[in-house]
Each structure stands twice: as C-alpha cells, then as structure tokens.
Amino acid sequence: MSWGTELWDQFDNLEKHTQWGIDILEKYIKFVKERTEIEISYAKQLRNLSKKYQPKKNSKEEEEYKYTSCKAFISTLNEMNDYAGQHEVISENMTSQITVELTRYVQELKQERKSHFHDGRKAQQHIETCWKQLESSKRRFERDCKEADRAQQYFEKMDADINVTKADVEKARQQAQLRHQMAEESKAEYSSTLQKFNHEQHEHYYTHIPSIFQKIQEMEERRIVRIGESMKTYAEVDRQVIPIIGKCLDGIAKAAESIDQKNDSQLVIEAYKSGFEPPGDIEFEDYAQPMKRTISETSLSNSRGDSKTELKFASKSKGKLWPFIKKNKGAGPEDFSNLPPEQRRKKLQQKVDELNKEIQKEMDQRDAITKMKDVYIKNPQMGDPGSLDHKLIEVGQNIEKLRLEVQKFETWLIEVEGRLPVRGEQARRQSGMYEAQNTPSVNNCAQDRESPDGSYTEEQSQENELKMMATDFDDEFDDEEPLPTIGTCKALYTFEGQNEGTISIAEGEILYVIEEDKGDGWTRIRRNEDEEGYVPTSYVEVYLDKNAKGAMTYI
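Residues numbered from 1 in each chain as written. Predicted model: local features only at pLDDT ≥ 70, side-chain atom pairs only at ≥ 80, totals over all residues. Heavy atoms only, no water.

A. Representation of the environment of glutamine 397 within the structure. Relative to the assigned elements, glutamine 397 resides in helix H9 (residues 389-419). Assessed through its relative accessible area of 46%, glutamine 397 is described here as partly exposed. For the pair glutamine 397 and glutamate 362, spaced 35 residues apart in sequence, the C-alpha to C-alpha distance is 10.0 Å. (Helix = DSSP H or I, 4+ residues; strand = E, 2+ residues; numbered from the N terminus. Buried < 20%, exposed > 50% of the residue type's maximum accessible area, 1.4 Å probe, protein only.)

B. Examining the pattern of salt bridges more closely. A complete count under the given rule lists 24 salt bridges for this structure. Between glutamate 532 and arginine 526 there is a salt bridge, and its shortest N-O distance comes to 3.0 Å. Judged by its relative accessible area of 11%, arginine 526 falls in the buried class. Here arginine 527 makes a salt bridge to glutamate 531, at a shortest N to O gap of 3.1 Å. One network of salt bridges, with partners in common, ties together Glu515, Arg524, Arg526 and Glu532. (Salt bridge = Lys/Arg side-chain N within 4 Å of Asp/Glu carboxyl O.)

C. Quick look at the pairing of strand E3 (residues 522-526). Counting buried residues in E3 gives five out of five residues, a clear majority hidden from the surface. Residues Trp522, Arg524 and Arg526 line one face of E3 and the alternating positions Thr523 and Ile525 line the opposite face, and both faces are buried. Summarising the sheet, strand E2 (residues 510-515) and E3 pair through three bridges and their orientation is antiparallel. In the sheet register, valine 513 faces E3, and the bridge partner there is isoleucine 525. A loop of six residues connects E2 with E3, the two strands running antiparallel in sequence, and glycine 519 in this loop sits at a positive phi of about 105°. Looking at chain direction, E3 and strand E4 (residues 532-536) are connected through five bridges and run antiparallel. Opposite arginine 524, over in E4, you have tyrosine 534 as the bridge partner. Following E3, the chain reverses through five residues before pairing antiparallel with E4. (Pairing = 2+ DSSP bridges.)

D. Structural context of helix H5 (residues 166-257). In a regular helix each residue adds 1.5 Å, so 92 residues correspond to 136 Å; H5 covers 133 Å between its end C-alpha atoms and thus fits that length. Of all the bends found along H5, the most pronounced is centred on histidine 204 and spans about 45°. (Expected span 1.5 Å × (residues − 1). Bend = angle between axes of the 7 residues up to and from the residue.)

E. The packing of helix H4 (residues 68-160) against H5, seen in detail. Direction vectors running N to C along H4 and H5 enclose 175°, while the axes themselves pass 7 Å from each other. Regarding the angle of H4 to H5, the classification is roughly antiparallel. (Axes fitted to C-alpha atoms, helices over the stretch in contact; angles between N-to-C directions. Parallel < 35°, antiparallel > 145°, perpendicular 65-115°, else oblique.)

F. Summary view of the packing of aromatic side chains. Considering all chains together, one arrives at twelve aromatic pairs under this definition. Here the aromatic rings of phenylalanine 31 and tyrosine 234 are separated by 5.7 Å at their centres, their planes lie at 35°, and the arrangement is tilted. Of this pair, phenylalanine 31 sits in helix H2 (residues 11-52) while tyrosine 234 sits in helix H5, and the two are 203 residues apart along the sequence. A relative accessible area of 41% means that phenylalanine 31 is categorised as partly exposed. A centroid spacing of 5.7 Å and a plane angle of 85° characterise the contact between tyrosine 493 and tyrosine 539, whose relative ring orientation is edge-to-face. Pair noted here: tyrosine 493 is in the loop between strand E1 (487-491) and E2 and tyrosine 539 is in the loop between E4 and strand E5 (540-544), with a separation of 46 residues, a long-range link. Residue tyrosine 493 is classed as buried on the basis of its relative accessible area of 2%. An aromatic cluster of three or more residues is present, and its members are Tyr493, Phe495, Trp522 and Tyr539. (Phe/Tyr/Trp six-rings, centres within 6.5 Å; stacked < 30°, edge-to-face > 60°.)

G. Inspection of the nonpolar core at higher detail. Judged by nonpolar contacts, the single largest core of 31 residues is most densely connected at Leu25, Tyr28, Met94, Ile98, Phe213 and Ile216. If one sorts the elements of this core by residue count, H4 sits on top with eleven residues. Contact partners of methionine 94, with chain neighbours within four places excluded, come to Val32, Arg35, Thr36, Thr99, Tyr234, Val237 and Asp238. In this structure, Ile505, Trp522, Tyr534 and Val535 belong to the second largest nonpolar core, which totals 18 residues. (Core = buried A, V, L, I, M, F, W, Y, C linked by side-chain atoms within 4.5 Å. Contact = heavy atoms within 4.5 Å.)

H. Region of interest: the environment of lysine 71. With respect to the element layout, lysine 71 can be found in helix H4. Take lysine 71: its relative accessible area is 36%, and that puts it in the partly exposed class. Sequence separation of lysine 71 and isoleucine 259 is 188 residues, and the distance between their C-alpha atoms is 8.2 Å.

I. Here's a closer look at helix H6 (residues 261-272). Over its twelve residues, H6 runs 17 Å from end to end, which matches the ideal 16 Å to within 8%, given 1.5 Å per residue. Of the positions making up H6, those classed as buried are Asp264, Leu267, Glu270 and Ala271. Around the axis of H6, the buried residues are gathered within 115° of arc, so they sit on the same side. For H6, exposure combined with an orientation more than 90 degrees from the buried face picks out Gln261, Lys262 and Tyr272. The N-cap residue of H6 is aspartate 260: its side-chain oxygen and the backbone nitrogen of lysine 262 are 3.1 Å apart. (Arc of directions from axis to C-beta. Polar contact = N/O pair within 3.5 Å; in protein donor to acceptor, adjacent residues only side chain to side chain.)

J. The pairing of E2, seen in detail. Bridge count between E1 and E2: four bridges; the pairing is antiparallel. Bridging from a neighbouring strand, glycine 487 pairs with valine 513 of E2.

K. Layout of the packing of H2 against H4. It is at 8 Å that the axes of H2 and H4 come closest, and there the two elements cross at 165°. Here H2 lies roughly antiparallel to H4, going by the angle between them. Regarding H2 and H4, the two cross each other, and that crossing is left-handed. Its residues assigned to classes, the contact of H2 with H4 shows 23 nonpolar, 14 polar and ten charged. (Left-handed = near helix turned anticlockwise from the far one by under 90°. Nonpolar A, V, L, I, M, F, W, Y, C, P; charged D, E, K, R; others polar.)

L. Summary view of a negative patch on the surface. Taken together, the side chains of Glu63, Glu64, Asp353, Glu354 and Glu358 present a region of like negative charge at the surface. Elements with a contribution of two residues or more to the negative patch: helix H3 (60-64) and helix H8 (341-378). Considering the arrangement of structural elements, one finds aspartate 353 in helix H8. For aspartate 353, a relative accessible area of 33% corresponds to the partly exposed category. (Patch = residues over 30% accessible without salt bridge, like charges linked within 9 Å, V, L, I, M, F, W, Y side chains within 5 Å. Areas by Shrake-Rupley, 256 points an atom, 1.4 Å probe, with all protein chains shown as cover. Lys, Arg positive; Asp, Glu negative; His and termini not counted. Charge placed at Lys NZ, Arg CZ, Asp CG, Glu CD.)

Here's what the structure looks like:
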C-alpha cells in the first residue's frame, strides 16, 4: 500500500489532505491549551476558596479552631490547597509535554510538507516541459512532411508539363529533394524526442512521483502517530497526579475520622467553665410571723440587727441568682479579674506567652542590629556605627518594658494558680501546657471570686462583701459564744485564707464543721477554740452528724 503507486495522479488531493492533517493537529493543540487554561483557572479558584475560609490570624475565629471538627475543616482546606496544586501540575505538564512539543512539531511538519510538494511540482513542471518539447517536435515533423509532399507534387506537375523549361523542372526537383531531406531530419528529431519523453515519463510516474508521494505518506503517518502519542500523554499527565489527589482525599477522610465529639464537648467545658457550683434553693421567708433565725442558719455572720440581716440576705440572694445576671459590657480590667478563676488563668497565661514572644522578637532585632554595627565598625564605608546606637537603646527599653509587663502578669498568674483547687504542684503548673495537651485542668469549682456566667455581680466578688463585713466578723467572733459542732470535714485541697473571716487549711487536714453551706459556697469550720473561719465548700469533704438538721454529705 503506497500512495506513490495507488495515488500517482492525486497530487492536488494529497496536498489538500495533508493540509487538513496539519489543521487537525493545530486544532488539538488549541484544545490542550484551553484545557491547561481551565486547569490553571480551576486551581486558582480552589486556592482562593481555601484562603477565603482560612481563619484570620490573631482573631477570635482562630481561637474557635481548637475544636476537632474545626481542625478537620482546616485540614480539608489545606488538602484542597494541595489538590489545587495538582491541577497546576496538570497544566504545566500538558503545556510542556504536549502544547510546546506539538507546536514545534507543526512548524517542522509545515516545512517538510512544503519541501515535498515543491519537489512534486518541480517534477510535474519537468514532465510538462518534456511534453511540450515532444509536441513541438511532432508539429515540426508534421509540417515538414506536408511541405515535402507539396514539393514532390509540384515537381511531378512541372516534369509532366511540356511547356516548362528544363531549368524550371530541375529547380522543382531540387526543391522536392530538399523538402524530403528536411522531413527526414524532423522525423529523426521527433523520434528522438519521443523516446526521451517516454523515458522521462516512465521515470516521472514510476520513480520520482512514487518517491515524493512515499515521503509525503511517511510524513502524514508520523503526524498521525504523533497526535496519538500526544493523546496518550494527555491521559498519562492526568493519571500521574491521581495518586497524589487520592492522598489529598485520604487526608480529608482522615481529618473527618479524627473528629471527636466528646473531646469537643470537653473543650466547651474548659472554654466556658466558671469554677462555681450552681446556686442552692432560696429559703422561704414567712413574713406573717416574727422571724427567728438561729445562729447556724446565717451564711456569713450572726445577723444581730436588721441591717446585717438584710445585707446578708441580699448577698446570699445575689449569689444564688448569678446565672441570671447579665454580663457587664465594655473593656475588662487588665488583670482579667472580671473572669472566673479558670478562664482568668488561661487569659493570663496567654498574655504571658504573647509577651514572651514579643520579647524574643525584640531580642532577635537587637542581635541583628548588633551584628550590623559590628559590620559597620569593620567596614566604615558601609555605614556609620553610631547611627545604630539610638536604635539599640530603643530596643533595650522595649525589652525592659516587656519584661516588667511579664513580671506583672506572672504575679497575677501565680496568685490565680494559688487559689485554684488543683491536686499537687504538677497540676498547679500545667497552665503553660494547657492548650498543647488539650487536657482538662482539675478544677473543683472555686467559689471565692466570680459568678458562673463569667461576670461579676454588682459587688464584683465575695471578697468585697467579706471586706465590708470585716468588723462584723471581728465583733461576732469576739462576743459570741462558741458555736456547737455539727460535723467534721476533710480538706481536699490547700486553701490560703488571705481575706478576713477566712481560715487557711492544708490538704488532708481534719477539722470541725460549725456552720454548713447555705448556698453561698462557704462552710464555717473550726480547728481549735481560737481558730475558726470560712473556707470554700468545694475545698472540703463534709460529714455532718446524723442528728444535725439537714444533714448531708458534700463531695
């Protein structure tokens, strides 16, 4: 099967067909190019989408992404970013391996095609020239033959005419002979030209044209093979990224499997836990009869007058209504004292970490300036070393200010950690690792400061109340007879009684209960005849006597 033998007379159609083949190749190149543009656009849109939903740094939204479901979402966004990168790889590989290569090949193909058809046209022009020469020789031979016949006929006519002179007859005879000689020469030339044309024609149709058409056929077949290879490459480029895309999808699935609803629920507890116990029931006050309060029914003092009674009742009621009091709006105090103990500790620790990072940044800047100054000293042409002294002083002042800030917040942090009910020193110092470990701190609802909803009530804390009634405590403890013992208690944690009216206890210590918790979170205990006061109910395990009123066990 050869175009040279089968299509020897289809030069024009072959020229059209090969041009069509190049057009098809260029169309395929355009298709691949548009596909790469789509991949780039798709990858860009995926990256923008991933960036759009990434949490903003140093924002409240970033804090929300500590939950496993949010972390899984972040992982999904990161995987989608990698997924977009694979589409960029597809675009790059298709451009380099298909578009660029085929574009160069098309230029080479056009040049080769042009050369082959130029040779074909040249061969056609040659055979056409040979044909014209043959026709010219043939016409000359025909003309000479006719002239020779006419000369012969004229001679015979003259020879037969008796009136013609002998000279005229001889002249006619010579003319006839000359014409016959010219006819013979034309015949010989025509015969030679004919043989030459036949040879050239044979060479043209059996050698030159088959060779040229064979080259054109090979060129066309290479084009077909090349476009097939490009299509195969097109598929391979996609197939090469499938494993990586699969890993991206596996990463998304793994992130989804890592979601732990129990852990997220625990994080909610840690994020919003106030450290207080729910308020107790409000006692019924019967105003129809004179009120007779016993000493044990008061929460903080003996209530000797109406003013003290109203004050204590108001304090107790406010304590019990904490969950229903609205939060105070506006900027909070610098030491976060408006927050519950656990939340305050976390905020202070976070502030200390931020300040330490700023100190490290300033120290790095100081080191860089110092190195630059050394370079200026060694190479004065690069700059004046003295120009950096002001900057070094400024950085040093910033470091000193930040260190003072760190000391201030660490002091508050130590104070808060000292008041938190934690088991042992290791648990006491776990605040620095709180976020990294994601483990709940041991907290038994310290109730010596804030309200459960995360805000202060009108009196801000029970410390204020205790300070307001410090003189009442002194008078009561001095004047009253010792209260009877209604049970015993065991200290679960160490408590430093720094406020007036409170008493310090050590973990594991056994003490006497002289007044139970009336809903305000405090229990009155006695160590000996001279030492008694209030401690947080959550710090002790109370064992009331069975015959005591309302006897129950607090754990």
